[in-house]
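# Commentary on secondary and tertiary structure
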Amino acid sequence: MGDIMPSESKGTKKIWTTLLGFSAVAMAVTGCGTANPSQPSQSQANASLSNTTLNVAIFSGPEADDIAKLAPEFEKQTGIHINFVKLSYDDLFSKELVSASSRVGTYDLFFMDDPWMPTFAGGGYLYPLSEFHYTPAGFMKGALQVDLWPPSPPYNAPIGTTGPQRYYGVPVTGNILTLFYNAKMLKDAGIHANPSHLTWADINKLAQASYHPSKGQYGFVLRGDGGNDSVADFSPILWSFGGDYFNKNWTSALNTPQALAALKEWLLLYHEGPSGQTSFGANQVGAYMQQGKTAAALVWPSGWAPEMPSDVKVTLVPGNAVGGQIRQAPEVGVWSLGIPKNAPHPQQAFEFLKWISAEQQQMQYAKDGLDVPTLESVITNPALDAKWPYYTVVEQSFKIGHMRPRTPAWPEVETVLGTEIVQAEEGKVTPQQALSTAAQQIDQYMKEHHLSQ
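Residues numbered from 1 in each chain as written. Predicted model: local features only at pLDDT ≥ 70, side-chain atom pairs only at ≥ 80, totals over all residues. Heavy atoms only, no water.

## Focus on the layout of surface pockets
- The volume enclosed by the largest pocket comes to roughly 410 Å³.
- Along its surface, the largest pocket is lined by 16 residues, and Pro154, Tyr155, Asn156, Asp244 and Met403 are the ones closest to its centre.
- Quantified by volume, the second largest pocket comes out at close to 300 Å³.
- Mapped onto the lining of the second largest pocket, the elements with two or more residues apiece are helix H7 (141-144) and helix H17 (390-399).
- Along the lines of polarity and charge, the residues of the lining of the second largest pocket split into nine nonpolar, four polar and four charged. (1 Å grid on protein atoms, 1.4 Å probe; cavity = no way out; pocket = protein on both sides within 12 Å on 5 of 7 lines; lining within 4 Å. Points joined across faces, edges and corners; volume = space filled by probe spheres on them. Helix = DSSP H or I, 4+ residues; strand = E, 2+ residues; numbered from the N terminus. Nonpolar A, V, L, I, M, F, W, Y, C, P; charged D, E, K, R; others polar.)

## A look at the sheet that holds strand E9 (residues 312-315)
- Across the sheet, which stays open at both edges, the three strands sit in the order E8-E7-E9 with antiparallel pairing between neighbours. The outermost strands of the open sheet, each flanked by one partner alone, are strand E8 (296-299) and E9. Going from strand to strand, the sheet's axes swing by 25° on average, the running direction of each strand aside.
- Sheet analysis places strand E7 (residues 178-182) next to E9, joined by four bridges and oriented antiparallel. Paired with Asn182 across the bridge in E9 is Val312. (Pairing = 2+ DSSP bridges. Axes fitted to C-alpha atoms, helices over the stretch in contact; angles between N-to-C directions.)

## Quick look at the sheet that holds strand E12 (residues 335-338)
- Within the open sheet, the five strands sit side by side as E2-E1-E3-E12-E6. Their pairing is mixed. Lying at the two open borders of the sheet, with one neighbouring strand each, are strand E2 (80-87) and strand E6 (170-173). Shown here is a sheet whose adjacent strand axes are inclined to one another by a mean of 30°, direction ignored.
- Where strand E1 (residues 52-59) meets E2, eight bridges bridge the pair, whose relative direction is parallel. If you follow Ile58 over to E2, its bridge partner there is Lys86.

## Section: the confidence of the model for the protein chain
- Residues of the protein chain with pLDDT of at least 70 account for 89%, and the chain-wide mean is 90.
- Between residues 3-18, whose pLDDT stays under 50, and residues either more than four places distant or in other chains, the model counts 53 contacts. (pLDDT = per-residue confidence, 0-100. Contact = heavy atoms within 4.5 Å.)

Given below as C-alpha cells:
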C-alpha cells in the first residue's frame, strides 16, 4: 500500500502459485532477469509515436486517480492514446502476472505495488530502463529504491539472484504508512510527547484514555481483516520491536520474542477498537478517523489525508524506545510504473513513463494532495508543503522507511500471517501459537519453492 488493499483472493493466490516456479527459475537463470531481453528494435525506436493506443493496467484507487486524469494532455502532445484498465488490487496483480507470462502481453505498462518488484523484475518480466538509455534521477531515495534490482543492502535478494543492479521502473505515487491521530484526544489524554516521536506506549495510553464504546468512540482502529491489510499495519510494529519477517537464509523469523512482543502490542490495540475489526479494511479505518470515532490509526495518506477534518493530524508511525532512542519503521508503499518485456509498444510506453514522472506532471497531480509525489523537488516544494503539511511527514518518513522483504513469496507470507493474525484477534489461538503456525507454514512454502537455504 502502498496501498488500499483487500486481502489476496484465492484466485490470485492460485495463479501466483502456479507461476512462481517459473519466476524462481527465471531469477536463477537470468540473474535478475537480464539475460536475453527482447530489446526495443531500432525501427521501433525510430517509429512515429503517434496513432498508438497504450493499454495501462492500473489500480482502481486514489493512488492512481490523478495520474489517469493527466492522460488527455499526453495524448494531445504526442498523439498517443492511453487506455487505462482499472483493476482491483487482487486483479491487478494476477492479470499483470498472466499478461507478463504470455507470448504477447496484454498491457504496455504495469502499475505495480512495490512488493511485487521481486516477482516482475526478479522474474525477468520487465525491461531494465537502461535499455532505453534512461536512468531515473531526482526521486526520493527511499522511493526509488523499490525499483532497483537486485536490492541494495541491508535487503537480501532471493537465492540465486546475480547480475548488475538496474532500475526496472519509476516511482509515481509515494505512499508510505503514517499515523493519523486526533489532536484533541491526544491533548485530553495528557500526552505531551513530540507527535513525530510517539512511542507505542504513548499510543497505548492514548487508546485507553479515548476508549468510550458507549459513546461510539474508540482508541485505535486496525485493518484487522487479514492478508495484506493486517500485515501492512503489523509491519511497523514488528520492525520497531526489533523483529523481522525473515532471517538471512530466508527462513522465517516470526517465531521470536520480538515478533511475539509485536503481536501482543497489536492485540492491545485491537481491544481498544470497535467490534467487527476482523472485517475492517482501509475504507473502514479511514472513515472512523474522518468521523472522529477513533483517536488514532495507521493510514496510507494517499486519498485520505486531504479528506480529514482539522483535528486529525498526520505524523510518523510510532516507535519503540530502545536505549534512549525511538526505533521507528514506516512501511514503504510506493506504486511504480514499469514496462513489460512483451509490451506491444515498448518505446511509446517509455515515452509515457518518462512524461508522467516528470516534474511538471507531478506538480500537477500533487496540487490536490490526493496522489503523493515522488520527486524531491515536488515533495519539498514550499507552496505544496504549506497547503499539504503531510507531504513533509511523507518526506521525513521515506528517510527511515522500510521496504517489505524482497521475495516473490511475499503474497504467500501475507496470506499465511494475515490468517493467523485474525485467529489471534478472535481468541482462537494464542499469539505464540499464531506466530509458530505462520512460521512453520512459511518455512515449508519457502523450502518447497527452493526460496530458502
